[in-house]
Amino acid sequence: MEPERSPEPVGPPALAPALRRRLVWVPVGLFCVGLGGVGIVVPGLPSTIFFIAAAAAFSRSSPRLEAWVLDLRGVGPLIRDYRAGLGMPRRAKVVAITMMWAAIALSGLATGRFVVALGLALLGLAGTATILRVPTSAR
């Protein structure tokens, strides 16, 4: 007597792991690039961290897009330095912290609510601590 075989699964074929990885990480990287682009023009919104996240997402999914982000004028060298453990230039740290606190102060004043201003200040302290933890490069 022949053993009973289970019926063949019916439905779409399974995606290869590499394709699944690309379908997840490429949109994440593109979203981060978009946020980084907005951060370039909106004071107080960081941009470099989103480009670093985009490069990380693209490193898992698309070498071509990763190379594109690493070659972007302005942020490409910062991303490469960060990856190499060289950190941020002192000038970039000063500009980032100054712009962040200016946006926090304006937002806190605009809301007129103490609780909101306090929450923004706490987020600002966390952001400042994060920036200060990154090594300072010689540039």
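As a reminder, the structure under discussion sits directly above these lines.
Given the structure is predicted, the values throughout are model-derived calculations rather than measurements.

### Quick word on the environment of L23
Now for step 1: By secondary structure assignment, the location of L23 is in helix α1 (residues 17-41).
Now for step 2: Each C-alpha atom, one on L23 and one on R73, is 27 Å from the other, the two residues being 50 residues apart in sequence.

### Some details on the packing of aromatic side chains
Now for step 1: Tallying each qualifying case throughout the model produces zero aromatic pairs.
Now for step 2: Over the face of the ring belonging to W25 we find R60, whose NZ or CZ atom lies 5.2 Å from the ring centre.

### Some remarks on the packing of helix α2 (residues 48-59) against helix α3 (residues 63-70)
Now for step 1: Contact geometry for α2 and α3: axes closest at 7 Å, N-to-C directions at 155°. When the interaxial angle is binned, α2 and α3 end up roughly antiparallel. When the axes of α2 and α3 are compared, the crossing they make is left-handed. For the pair α2 and α3, the contacting residues are F51, A55, F58 and S59 in the first and P63, L65, E66, V69 and L70 in the second.
Now for step 2: Taken together, the residues of the contact of α2 with α3 break down into seven nonpolar, one polar and one charged.

### Topic: helix α5 (residues 90-111)
Now for step 1: For α5, which comprises 22 residues, the first-to-last C-alpha distance of 32 Å matches the rise-based estimate of 32 Å (1.5 Å per residue) to within 8%.
Now for step 2: Of the residues making up α5, those classed as buried are K93, I97, M100, A103, I104 and G108. Buried residues of α5, viewed axially, fall in a sector of 135°; they line one side. Structural note: α5 exposes R91, L106, L109 and A110 on the side pointing more than 90 degrees away from its buried face.

### Observations regarding the nonpolar core
Taken as a class, soluble globular proteins show a tendency for nonpolar side chains to be buried jointly.
Now for step 1: Formed by 13 residues in total, the largest nonpolar core has its most connected members in V33, F51, A54, A55, F58, V69 and I79.
Now for step 2: Listing elements by their share of this core, those giving two or more residues are α1, α2 and α3.
Now for step 3: Among the elements that take part in this core, α2 stands out by supplying five residues, more than any other.

### Focus: the side chain of E66
Now for step 1: Summarising the element assignment, E66 is placed in helix α3.
Now for step 2: Side chain to side chain, E66 and R83 meet in a polar contact 2.7 Å long.
Now for step 3: Leaving out residues up to four positions away in the same chain, E66 has contacts with A55, F58, S59 and R83.

### A closer look at helix α6 (residues 114-133)
Now for step 1: Taking 1.5 Å per residue as the helical rise, α6 with its 20 residues ought to reach 28 Å, and the 28 Å between its terminal C-alpha atoms agrees with that figure.
Now for step 2: Three or more residues of α6 are buried, namely G124, G127, T128 and I131. Buried residues of α6, viewed axially, fall in a sector of 100°; they line one side. Opposite its buried face, α6 presents the exposed residues V115, L122, L123, L125 and R133, each directed more than 90 degrees away.
Now for step 3: If you follow the buried residues of α6, they end up packed against β1 (88-89) and α5.

Analysis parameters
- Within any chain, residue numbers begin from 1 and follow the written order of that chain's sequence.
- Totals for whole chains, interfaces and linings use all residues, but because this is a predicted model, local features are given only for residues with pLDDT of at least 70 and pairs of side-chain atoms are given and counted only at 80 or more.
- Values shown for side chains rest on all heavy atoms present in the structure; no hydrogens or waters enter the calculation.
- Under the scheme used here, helices are H or I runs from DSSP no shorter than 4 residues and strands are E runs no shorter than 2 residues, and both carry numbers assigned from the N terminus.
- Under the pairing criterion, centres of Phe, Tyr and Trp rings, with the six-membered ring standing for Trp, must be within 6.5 Å; the plane angle then separates stacked pairs below 30 degrees from edge-to-face pairs above 60, leaving the rest tilted.
- Whether a charge sits over a ring depends on NZ of Lys or CZ of Arg being within 6 Å of the ring centre and within 35 degrees of the ring normal.
- Structural elements are reduced to axes, namely lines fitted to C-alpha atoms, with helices fitted over the stretch in contact, and the angle between N-to-C directions of any two is expressed from 0 to 180 degrees.
- Angles are sorted into four bins: roughly parallel if under 35 degrees, roughly antiparallel if over 145, roughly perpendicular if 65 to 115, and oblique for all others.
- Left-handed is the label given to a crossing in which the near helix is rotated counterclockwise from the far helix by less than a right angle, and right-handed is the label when the rotation is clockwise.
- Pairs of residues are marked as contacts when any of their non-hydrogen atoms sit within 4.5 Å.
- Lys, Arg, Asp and Glu make up the charged group, whereas Ala, Val, Leu, Ile, Met, Phe, Trp, Tyr, Cys and Pro make up the nonpolar group; the residues left over, Gly among them, are polar.
- One fewer than the residue count of a helix, multiplied by 1.5 Å, yields its expected span.
- Burial classification: accessible surface area is computed with a 1.4 Å probe over protein chains only, and a residue below 20% of its type maximum counts as buried, one above 50% as exposed, and the rest as partly exposed.
- Comment: arc refers to directions from the helix axis out to C-beta atoms.
- Think of a nonpolar core as a cluster: buried Ala, Val, Leu, Ile, Met, Phe, Trp, Tyr and Cys residues, connected wherever their side-chain atoms sit within 4.5 Å.
- Polar contact is defined as a pair of N or O atoms within 3.5 Å, subject to the rule that within protein one atom must be able to donate a hydrogen and the other to accept it, and that residues adjacent in sequence are counted only when both atoms are side-chain atoms.

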